[in-house]
Amino acid sequence: MGECAAARENVNPILPTGVREIIFPGALHQPIEDIMAEFQKLVFSGVQPTGNLHLGNYLGAIRKFVALQKDNDCIYCVVDEHALTAQLVHEDLRGQTRAIAAAYIASGIDPKKHIVFNQSRVMQHAELTWIFNCVARMGWLNRMTQFKEKAGKDRENASVGLFTYPDLMAADILVYRATHVPVGDDQKQHLELTRDIAQKFNNDFSKRIAELGVGVEMAVGEEKVNGYFPLTEPLIEGEATRVMSLRDGSKKMSKSDPSDLSRINLTDDADAIARKIKKAKTDPEPLPSELTGLKDRPEAQNLVGIYAALADTTKEKVIAEFGSRQFSVFKPALADLAVEKLAPIAAEMRRLMADPAHIDAVLRDGGERAGMLAEATMKTVRRIVGLLDD
């Protein structure tokens, strides 16, 4: 038997009957064998367990996760290993991890039909990160603006993990050969690096991938290569993908802002939501009658964007309804809408958090299913790279 034929038998063994139903129960999209053999559409994303989730996380990420699950197989991760990059010692990392999982479920993600798990349960993330550390170039990582912002002027004291954070992010995505990732503007550069890593791996190992019969022919310019990893595409759409602080419209809404009035936490009750919107910073002018009138009015633009996103409408329609009106009219309407949309999620989160054993069971089940996919990828990657494996 030739090398190529032998490799075809051993690189990606056929997954046992019923594995598709175990990994994505009830999935209507494609057999799990096809996910691993071809670049079939698969969505992956994750949220760090650092601090309280807020409105920006919900509108910019989690609500989109919920919508995407209707037409796609989805993997949603709590990226607890990423949480160590900027801060090694956490008071309650496990509790924060459970809170993210609770937010996923309370917002409407179905952990039975899709996969919800925490990153550290699947060791293949870290294994593939090491290989990607050897694929990525120092110059690529040096260009990452998030590292420059988080490390500040004292880069010598920043952790190596913070510097190589984008390599771990690439591994998170590509260990499942995910084709699409819903990302905010601040993560687009990291996803571009993921594509660069995938392309370099495919280029460097194109011949070996072809010999093993595990690749997909891809065009890189005018050249054809045999690629094992997809060039993952971003999913960026909808209003208010970037929600700003309620106290300063020029700054992004953040968990780390010392003022709790700057954000609406997903665990806030109805009274807290209404109070924070009432106290949100605005300028003395009424809302403009035209959308162009929001230019150079960051606080007004932020509140209009939040209303549009919560109402599943456009900023133009919000202005058509509230244009020329004072904030004393607009803010109560926004508060009522926010309470209607967010208070049920907060109540469900509190209910779930009161039963940590249930959340742990969800994460354990998701980790087992994710691990099956990740190991299928890594068995092939080890052969492509030349690492001995049983």
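Residues numbered from 1 in each chain as written. Predicted model: local features only at pLDDT ≥ 70, side-chain atom pairs only at ≥ 80, totals over all residues. Heavy atoms only, no water.

1. Quick notes on the overall build of the protein chain
Argument step 1. The helix and strand inventory of the protein chain stands at 17 helices and 7 strands.
Argument step 2. Here the protein chain, with 390 residues, has 49% of them falling under the buried criterion. (Helix = DSSP H or I, 4+ residues; strand = E, 2+ residues; numbered from the N terminus. Buried < 20%, exposed > 50% of the residue type's maximum accessible area, 1.4 Å probe, protein only.)

2. What to know about the side chain of Asp80
Argument step 1. Mapped onto the elements of the fold, Asp80 is located in the loop between β2 (74-78) and α5 (93-107).
Argument step 2. It turns out Asp80 is buried and unbridged, and the closest side chain with the opposite charge, Arg121, is 7.1 Å from it.
Argument step 3. A distance of 3.1 Å separates polar atoms of two side chains, one belonging to Asp80 and the other to Asn118. (Lys, Arg positive; Asp, Glu negative; His and termini not counted. Salt bridge = Lys/Arg side-chain N within 4 Å of Asp/Glu carboxyl O. Polar contact = N/O pair within 3.5 Å; in protein donor to acceptor, adjacent residues only side chain to side chain.)

3. So, the nonpolar core
Argument step 1. By size, the foremost hydrophobic cluster in this structure holds 58 residues, and its most contacted members are Leu55, Tyr104, Ile306, Leu310, Phe330 and Leu342.
Argument step 2. Among the elements that make up this core, the one with the highest residue count is helix α16 (residues 327-353) (10 residues).
Argument step 3. Beyond its immediate sequence surroundings of up to four residues, Leu310 is in contact with Leu55, Leu59, Arg63, Leu334, Leu337, Ala338, Lys341 and Leu342.
Argument step 4. Counting residues in hydrophobic clusters, the runner-up holds 47 residues, among them Val122, Leu128, Phe163 and Ile173. (Core = buried A, V, L, I, M, F, W, Y, C linked by side-chain atoms within 4.5 Å. Contact = heavy atoms within 4.5 Å.)

4. Overview of empty space enclosed by the protein
It is a probe the size of a water molecule, rolled over the atoms, that shows where empty space is left.
Argument step 1. The final tally for this structure, using the stated rule, is 1 cavity of 30 Å³ or more.
Argument step 2. Roughly 50 Å³ of internal volume is contained in the largest cavity.
Argument step 3. Around the largest cavity, the lining residues are Met144, Gln146, Phe147, Lys150, Leu162, Phe163, Tyr165, Pro166 and His190.
Argument step 4. Broken down by element, the lining of the largest cavity gets its largest block of residues, 3 residues, from helix α8 (residues 145-151).
Argument step 5. Classifying every residue of the lining of the largest cavity by side-chain character gives 6 nonpolar, 2 polar and 1 charged. (1 Å grid on protein atoms, 1.4 Å probe; cavity = no way out; pocket = protein on both sides within 12 Å on 5 of 7 lines; lining within 4 Å. Points joined across faces, edges and corners; volume = space filled by probe spheres on them. Nonpolar A, V, L, I, M, F, W, Y, C, P; charged D, E, K, R; others polar.)

5. Thoughts on unusual backbone geometry
Argument step 1. Positive phi is not limited to glycine here, since Arg177 has a value of about 50°.
Argument step 2. Of note, Arg177 is situated in the loop between α10 (165-174) and β4 (180-182).
Argument step 3. For Ser324, which is not glycine, the phi dihedral falls at a positive 75°.
Argument step 4. In this fold, Ser324 is placed in the loop between α15 (315-322) and α16.

6. Concerning the packing of aromatic side chains
Argument step 1. Tallied over the full model, the rule gives 13 aromatic pairs.
Argument step 2. Ring geometry for Phe132 versus Phe229: centroids 5.6 Å apart, planes at 75°, classification edge-to-face. Taken together, the residues span a long stretch of sequence, with Phe132 in helix α6 (residues 124-135) and Phe229 in the loop between β6 (223-227) and β7 (233-235) at a distance of 97 residues.
Argument step 3. By relative accessible area, which is 0% here, Phe132 ends up buried.
Argument step 4. By relative accessible area, Phe229 is classed as buried at 0%.
Argument step 5. Taken together, a centroid distance of 5.5 Å and an interplanar angle of 35° make the contact between Tyr307 and Phe330 tilted. Of this pair, Tyr307 sits in helix α14 (residues 298-310) while Phe330 sits in helix α16, and the two are 23 residues apart along the sequence.
Argument step 6. For Tyr307, a relative accessible area of 11% corresponds to the buried category.
Argument step 7. The exposure class of Phe330 is buried, given its relative accessible area of 0%.
Argument step 8. An aromatic cluster is present here, built from Phe132, Phe201, Phe205, Tyr228 and Phe229 joined pairwise through their rings.
Argument step 9. Against the face of Tyr228 rests Arg177, its NZ or CZ located 4.0 Å from the ring centre. (Phe/Tyr/Trp six-rings, centres within 6.5 Å; stacked < 30°, edge-to-face > 60°. Lys NZ or Arg CZ within 6 Å of the ring centre and 35° of its normal.)

7. Remarks on the environment of Lys276
Argument step 1. Tracing the backbone through its elements, the reader meets Lys276 in helix α13 (residues 270-279).
Argument step 2. By relative accessible area, Lys276 is classed as buried at 1%.
Argument step 3. Residues Lys276 and Arg263, spaced 13 residues apart in sequence, show a C-alpha to C-alpha distance of 7.6 Å.
Argument step 4. In this structure Lys276 touches Leu246, Asp260, Leu261, Arg263, Ile264, Asn265 and Asp268, once residues within four positions along its chain are discounted.
Argument step 5. Polar contacts involving the side chain of Lys276 include one to the side chain of Asp260, which spans 2.9 Å.
Argument step 6. Within the structure, Lys276 has its side chain in polar contact with the backbone oxygen of Arg263 (distance 3.1 Å).

Just geometry here; none of it tells us what the structure is for.
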